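Listed below are the residues making up each chain.
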Amino acid sequence: MRATMSKPPNILFLMADQMRGRALRPESPCLTPNIDRIAAQGVRFDCAYTPNAVCSPARASLMTGLLPHNHGVLTVTHTVDEDQCCLRTNKPHWAQRLSEKGYQTGYFGKWHVERSEQLGDFGWQVDCNHHSEVFRQREASILGDEPAKPEYSMAKYYEGRPGYRQSMFYGVTNRPPEKRSMGVTTSLALEFLEDVTRENHPWCCFVSVREPHDPFIAGQEAFSRYDPAAIELPPNVHDDLAGRPGIYRKSARTWANLTDKEHREAAACYYASITEIDEQWGRLVDALEKAGVLEDTLVIIAADHGEHLGAHGLYCKNYMASEEVYNVPLIVRGPGVARGVTSKARVGSHELCPTLLELTGCEPFEQVPDSRSFAHVLADPAAHHSEFTRGFAEYFGTRFTLTQRVVWDGPWKFVLNGFDFDELYNLEEDPYELTNLAADPAYRERVQSMMTLAWQRIRDTGDHALLNTQYPALRIAAVGPMLLDEEAS
């Protein structure tokens, strides 16, 4: 689906941090009128997933189209030494292709892709990331004489084991979003859009907010739209995690003493934060509509990864490969995109890279098996969604190093745990992943077939460390990679 217009489409890329896919579905209690309007005019992917459950690897994958083992960023960059988790410099980003094609490009807000913070090296001509001097100056001017830290009318802090610093879990502040990080990001992006929409060049504006990442902070006005007592808790909130890896239960101890009231308050703050994001993004879309360029613009809504939000008794992400963390929002609206469609195509956020290159008529990257364009799905979802039924993700454990691979095949989901026993779920029958079928002898063949799919992706994408696990002590998978050679013969 190469762009055939005289001018390639503009791009407004709206990126959230730790926004779960289920938050934007019609049945969600989360109030998002602007996002709903975009979804009604485009395609929403309910089965979109992240290739990694951590910010930096997921964001680097989105930019390069590569899985983390190929681009080199395996965890968040600020937690490791300078020679670790470095983005491989020979891996191009899609913004570089846009810049070469004559696009005006601007990046606003959270970067967290790699450690240099030199966005110009990756195709972004205007750099207003959170650590830039431009962003800091604007933040200071908006705050004026107000203290850097806002006041809270409600605040919940973590309690528990000694030796850990006090940190906030959720809270409500009287400071409006316009005077917080998301508002600063929006104001800078609006100025960029005001400039580029007056010119005749195609442009790309990437707006990346920190929210709704924990701690869940919301303004009083947005929070007042929610009644915490009316929020339904998920069916798996009191999951005892029996039959799942022990590290899940170990992590869950952090939230073991939360009351249902506190679970609901946390959810209300999280949803209210997304409502504030929705308002900020609405300002950007309204600006495009006022300038008369909305119909010439691809509007993309995405997130790096999701959030447990009490599911399985957990919050944040890491460790457990749950749908609450791996299922992410993905909405695309614009020229050549079907309108008002919800697609079940299982596409990865890293596959936005080849998709955007195709939609803008840019030269594609050298063919790699890590990702493929789904531009044709956007044009005709009903005709092509069945081509995207499988997915693959990988996790490396961040501060506590471990190995995990996730495979989706239709309704089936398999989790290879290098640190414990594996997991198998049927998402159609068990959408909240309460019953691990991996140890059930009745599903032995399914486990083996799913592990074989994992080995295929590991082999095809060049994940050599895992592929070469012939050493006796490392033979922990249900079946080994040599089965691939037997199938080929």
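Residues numbered from 1 in each chain as written. Predicted model: local features only at pLDDT ≥ 70, side-chain atom pairs only at ≥ 80, totals over all residues. Heavy atoms only, no water.

S.K.: In this structure, what is going on with the packing of aromatic side chains? I would like to understand it.
M.R.: For any two aromatic rings, the description comes down to two numbers: the centre-to-centre distance and the angle of the planes. Enumeration according to the criterion identifies 24 aromatic pairs in this entry. For the ring pair Trp124 and Phe206, a centre distance of 5.8 Å and an interplane angle of 75° mean the geometry is edge-to-face. Here Phe206 lies in strand β7 (residues 203–212) and Trp124 lies in the loop between β3 (104–109) and β4 (126–129), a separation of 82 residues in the sequence. No difference in accessibility class separates Trp124 from Phe206, as the two residues are buried. By the ring-pair criterion, three or more aromatic residues cluster together here, those being Tyr158, Phe169, Tyr170, Phe216, Tyr226, Trp255, Tyr270, Tyr271 and Tyr315. For Arg372, the ring lying beneath its charged end belongs to Phe388, and the centroid distance is 3.8 Å. (Phe/Tyr/Trp six-rings, centres within 6.5 Å; stacked < 30°, edge-to-face > 60°. Helix = DSSP H or I, 4+ residues; strand = E, 2+ residues; numbered from the N terminus. Buried < 20%, exposed > 50% of the residue type's maximum accessible area, 1.4 Å probe, protein only. Lys NZ or Arg CZ within 6 Å of the ring centre and 35° of its normal.)

S.K.: Which parts of the structure should I look at to understand the environment of Tyr315?
M.R.: Mapped onto the elements, Tyr315 comes out in the loop between β9 (297–303) and α10 (323–326). Distance in space between the C-alpha atoms of Tyr315 and Lys110 is 21 Å, their sequence separation being 205 residues. Ignoring sequence-local partners within four residues, the contact set of Tyr315 consists of Phe169, Phe216, Trp255, Leu258, His263, Ala266, Glu307, His308, Leu309 and Gly310. Of the polar contacts made by the side chain of Tyr315, one reaches the side chain of His263; its length is 2.6 Å. (Contact = heavy atoms within 4.5 Å. Polar contact = N/O pair within 3.5 Å; in protein donor to acceptor, adjacent residues only side chain to side chain.)

S.K.: Looking at this structure, how should I read the state of the cysteines?
M.R.: Within this structure, the stated rule accounts for 0 disulfides. A disulfide-free cysteine, Cys55 has its sulfur positioned 11 Å from the sulfur of Cys316, the nearest such atom. Here Cys128 is not disulfide-linked; the sulfur of Cys205 is the nearest cysteine sulfur, at 9.4 Å. Given the relative accessible area of 7%, Cys128 is considered buried. (Disulfide = S-S within 2.5 Å.)

S.K.: Would you mind showing me how to read the layout of surface pockets here?
M.R.: The gaps left among the atoms become clear once a water-sized probe is rolled over them. The calculated volume of the second largest pocket comes to roughly 1,000 Å³. Along its surface, the second largest pocket is lined by 40 residues, and Arg22, Arg25, Glu27, Pro431 and Tyr432 are the ones closest to its centre. Elements with a minimum of two residues in the lining of the second largest pocket: α9 (260–291) and α10. Broken down by class, the residue content of the lining of the second largest pocket amounts to 21 nonpolar, 8 polar and 11 charged. (1 Å grid on protein atoms, 1.4 Å probe; cavity = no way out; pocket = protein on both sides within 12 Å on 5 of 7 lines; lining within 4 Å. Points joined across faces, edges and corners; volume = space filled by probe spheres on them. Nonpolar A, V, L, I, M, F, W, Y, C, P; charged D, E, K, R; others polar.)

S.K.: What is the right way to look at the nonpolar core in this model?
M.R.: Taken as a class, soluble globular proteins show a tendency for nonpolar side chains to be buried jointly. With 79 residues, the main nonpolar core has Leu12 and Trp281 as its most contacted residues. It is α9 that provides the largest number of residues to this core, a total of 13 residues. Excluding anything up to four places from it in sequence, Leu12 contacts Trp203, Cys205, Val207, Leu284, Val285, Leu288, Thr297, Leu298, Val299 and Ile300. Of all hydrophobic cores here, the second largest spans 45 residues; its members include Ala60, Phe122, Ala345 and Ala375. (Core = buried A, V, L, I, M, F, W, Y, C linked by side-chain atoms within 4.5 Å.)

S.K.: Which parts of the structure should I look at to understand the sheet that holds β3?
M.R.: Within a sheet, each strand pairs with its neighbour through backbone hydrogen bonds, oriented either parallel or antiparallel. The mixed open sheet is built from 8 strands, whose spatial order is β4-β3-β7-β1-β9-β10-β2-β11. Among the strands making up the open sheet, the edge pair consists of β4 and β11 (341–343). The average undirected angle you get between the axes of adjacent strands in this sheet is 10°. As judged from the 6 bridges shared by strand β1 (residues 10–17) and β7, these two strands associate in the parallel manner. Bridge assignment links Asp17 to a residue of β7, and that residue is Pro212. The strands that α9 touches are β1, β7 and β9; relative to β7, the one it contacts most, it runs at about 165°. (Pairing = 2+ DSSP bridges. Axes fitted to C-alpha atoms, helices over the stretch in contact; angles between N-to-C directions.)

S.K.: I would appreciate a short explanation of the environment of Glu100 in the present structure.
M.R.: Residue placement: Glu100 occurs in helix α4 (residues 94–100). Taking the relative accessible area as the measure of exposure, Glu100 reaches 60% and is therefore exposed. Distance in space between the C-alpha atoms of Glu100 and Gly123 is 8.3 Å, their sequence separation being 23 residues.

S.K.: How do you make sense of the packing of helix α6 (residues 181–196) against α9 when you look at a structure like this?
M.R.: Between two packed helices, the angle of one axis relative to the other and the distance separating the axes together describe the packing. As a packed pair, α6 and α9 sit with axes 10 Å apart at the nearest point and diverge in direction by 10°. When the axes of α6 and α9 are compared, the pair comes out roughly parallel. Along its contact with α6, which presents Met182, Gly183, Thr186, Ala189, Leu190 and Leu193, the element α9 presents Ser273, Glu276, Ile277, Gln280, Arg283, Leu284, Ala287 and Leu288. Partitioned by chemical class, the residues of the contact of α6 with α9 number 8 nonpolar, 4 polar and 2 charged. (Parallel < 35°, antiparallel > 145°, perpendicular 65-115°, else oblique.)

S.K.: Where do I start with the sheet that holds strand β13 (residues 404–409) in this structure?
M.R.: A sheet is described by the order of its strands in space; here 4 strands give the open sequence β12-β13-β14-β15, paired in antiparallel fashion. Unpaired on one side and paired on the other, β12 (390–395) and β15 (423–426) mark the two borders of the sheet. Sheet twist, expressed as the average angle between the axes of neighbouring strands with direction ignored, equals 10°. The pairing of β12 with β13 spans 6 bridges and is classified as antiparallel. Within β13, the position partnered with Gly391 by the bridge is Trp408.

S.K.: Sorry, what's going on with the pairing of strand β10 (residues 330–333) here?
M.R.: Here is the key point about a regular strand: its side chains alternate between the two faces of the sheet. Taking every second residue as pointing to the same face, both faces of β10 are buried, with Leu330 and Val332 on one and Ile331 and Arg333 on the other. As paired elements, strand β2 (residues 43–45) and β10 share 2 bridges and run antiparallel to each other. Paired with Arg44 across the bridge in β10 is Ile331.

S.K.: Help me understand unusual backbone geometry in this model?
M.R.: Among all residues except glycine, the phi angle is most often negative; among peptide bonds, the trans geometry is most common. Put simply, Glu211 and Pro212 share a cis peptide bond, and its omega is 0°. Structurally, Pro212 is set in strand β7. Here Asp214 and Pro215 are connected by a cis peptide whose omega angle stands at 0°. The topology assignment puts Pro215 in the loop between β7 and β8 (216–219). One non-glycine residue, Glu117, lies in positive phi territory at about 60°. Exposure remark for Glu117: the relative accessible area of 22% places this residue in the partly exposed category.

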